[in-house]
Amino acid sequence: MRKFVIMGVQGSGKGTQSELLCTDLDLVHISVGDIFRWNVQNHTKLGAQVRRTMTAGELVGDDMVESVVRERLDRHDWNFGFVIDGFPRNGRQAEFFMESYDIDAVIHLELPDDEVRRRVLSRRLCPNCGMDYNLIADRPEIEGRCDICGHELITRADDTPEALDARLRDYHQKTRPVLDIFGRKEVIHDIDARPSAEEVQQSIRDQLGLPPYKPAVALST
Ligand code: AMP
């Protein structure tokens with residue numbers, strides 16, 4: 001059983017790296033942001049409660065986040081383990097998590113703010129099938145259209161310069177201290193997130209002593 005937390009500022013590649021780890025290690029990728037986005041897109045009650053907060057790039061309340069995480073992990077569909085991404089985002093969430101679950105490793109993707117801006121503002125998403133694109137590194141074949149399903153691509157509502165500033169501020173003020181809390185008990189693996197997705201994946205595996213990355217796996221961002 002492998003239980004990993006992946007942390008890093010927005011745009012550092014947490015989603016991509018989590019997927020690459022999960023695909024051949026049979027782990028379940030749990031993205032709290034994806035769970036919220038799914039609820040917003042499907043107009044659930046939870047979606048209505050978090051939509052405005054998310055669009056502004058602000059953090060959803062801790063009680064709601066903790067119940068979403070608890071409910072997700074209580075499904076126990078992660079026989080070989082999980083990679084949790086986008087959580088914890090502040091000290092309280094970290095304490096809650098450490099009280100309830102053992103963690104095997106914390107992966108910390110490091111990326112300077114100017115590179116974050118460059119990457120995040122070029123992200124595009126297919127609202128139909130969920131495929132991610134990046135206009136710098138991973139352009140769709142036909143401009144503005146999803147390669148998989150042909151649907152028109154959109155920009156995530158919180159990928160605007162204003163919302164990104166709010167998220168960067170929250171990250172530096174609230175999320176970075178989580179690393180200090182984890183650091184008291186766990187080893188934090190600091191990974192340079194600037195190289196290509198494949199190289200970053202290999203560094204994660206080297207540091208964690210995991211089997212080597214097989215590049216045949218398709219990347220989504
Ligand atoms: P992400 O895809 O991880 O950037 O998350 C998108 C948005 O979901 C964030 O900007 C927050 O509004 C909300 N969110 C995701 N995870 C958390 C969390 N752990 N705590 C509070 N809000 C969260």
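What you see as residue numbers is a count from 1 along each chain, following the sequence as written. Under the rules for a predicted model, residues below a pLDDT of 70 receive no local features and side-chain atom pairs below 80 are neither given nor counted, while totals for whole chains, interfaces and linings still include all residues. Calculated side-chain values reflect all of the structure's heavy atoms, with hydrogen atoms and water omitted.

### Observations regarding the side chain of Asp170
Structurally, Asp170 can be placed in helix H7 (residues 161–183). For every residue, the accessible area (1.4 Å probe, protein chains only) is compared with the maximum for its type, and the residue is labelled buried under 20%, exposed over 50%, or partly exposed between those bounds. Residue Asp170 is classed as buried on the basis of its relative accessible area, which comes to 12%. Those residues in contact with Asp170 that lie beyond four places of it in its chain are Gly57, Glu58, Leu59 and Thr175. Counting from the N terminus, the helices are the DSSP runs of H or I reaching at least four residues and the strands are the DSSP runs of E reaching at least two. Contacts were defined at the residue level, with two residues in contact if any of their heavy atoms lie within 4.5 Å.

### Observations regarding the state of the cysteines
Sulfur atoms of two cysteines make up a disulfide when they are within 2.5 Å. Inspection of the entire model under this criterion finds zero disulfides. Cysteine Cys126 is unpaired, with the sulfur of Cys149 as its nearest cysteine sulfur at 3.5 Å. Cysteine Cys146 is unpaired, with the sulfur of Cys129 as its nearest cysteine sulfur at 3.6 Å. Judged by its relative accessible area of 5%, Cys146 is buried.

### Details of the nonpolar core
Residues enter a nonpolar core if they are buried and are Ala, Val, Leu, Ile, Met, Phe, Trp, Tyr or Cys, with the set joined through side-chain atoms within 4.5 Å. One finds Phe36, Phe97 and Phe182 to be the most contacted residues of the largest nonpolar core, which totals 29 residues. Secondary-structure elements contributing two or more residues to this core are strand S1 (2–8), strand S2 (28–31), helix H2 (32–41), helix H3 (45–55), helix H4 (62–73), strand S3 (81–85), helix H5 (91–100) and H7. Dropping the residues within four chain positions of it, Phe97 is found in contact with Val5, Leu73, Phe82, Ile84, Phe87, Pro88, Ile103 and Phe182. By size, the runner-up hydrophobic cluster in this structure holds 23 residues, among which are Cys22, Ala105, Val120 and Leu210.

### Overview of the packing of helix H6 (residues 113–120) against H7
Comment: axis = line fitted to C-alpha atoms, over the contacting stretch for helices; angle = value between 0 and 180 degrees taken between N-to-C directions. Viewed as axis vectors pointing N to C, H6 and H7 meet at an angle of 140°, and their least axial separation amounts to 11 Å. With respect to each other, H6 and H7 are oriented oblique. The hand of the H6/H7 crossing is right-handed. Across the interface between the two elements, Asp113, Val116, Arg117 and Val120 of H6 pack against Leu164, Asp165, Arg167, Leu168 and His172 of H7. Roughly parallel means an angle under 35 degrees; roughly antiparallel, over 145; roughly perpendicular, 65 to 115; everything else is oblique. By the definition used in this description, the sense in which the near helix is turned from the far one sets the handedness, with an anticlockwise turn below a right angle giving left-handed and a clockwise turn giving right-handed.

### Considering the side chain of Glu66
By the secondary structure assignment, Glu66 is in helix H4. For Glu66, a relative accessible area of 9% gives the class buried. Leave out the neighbours within four places in its chain, and Glu66 touches Arg92, Gln93 and Phe96.

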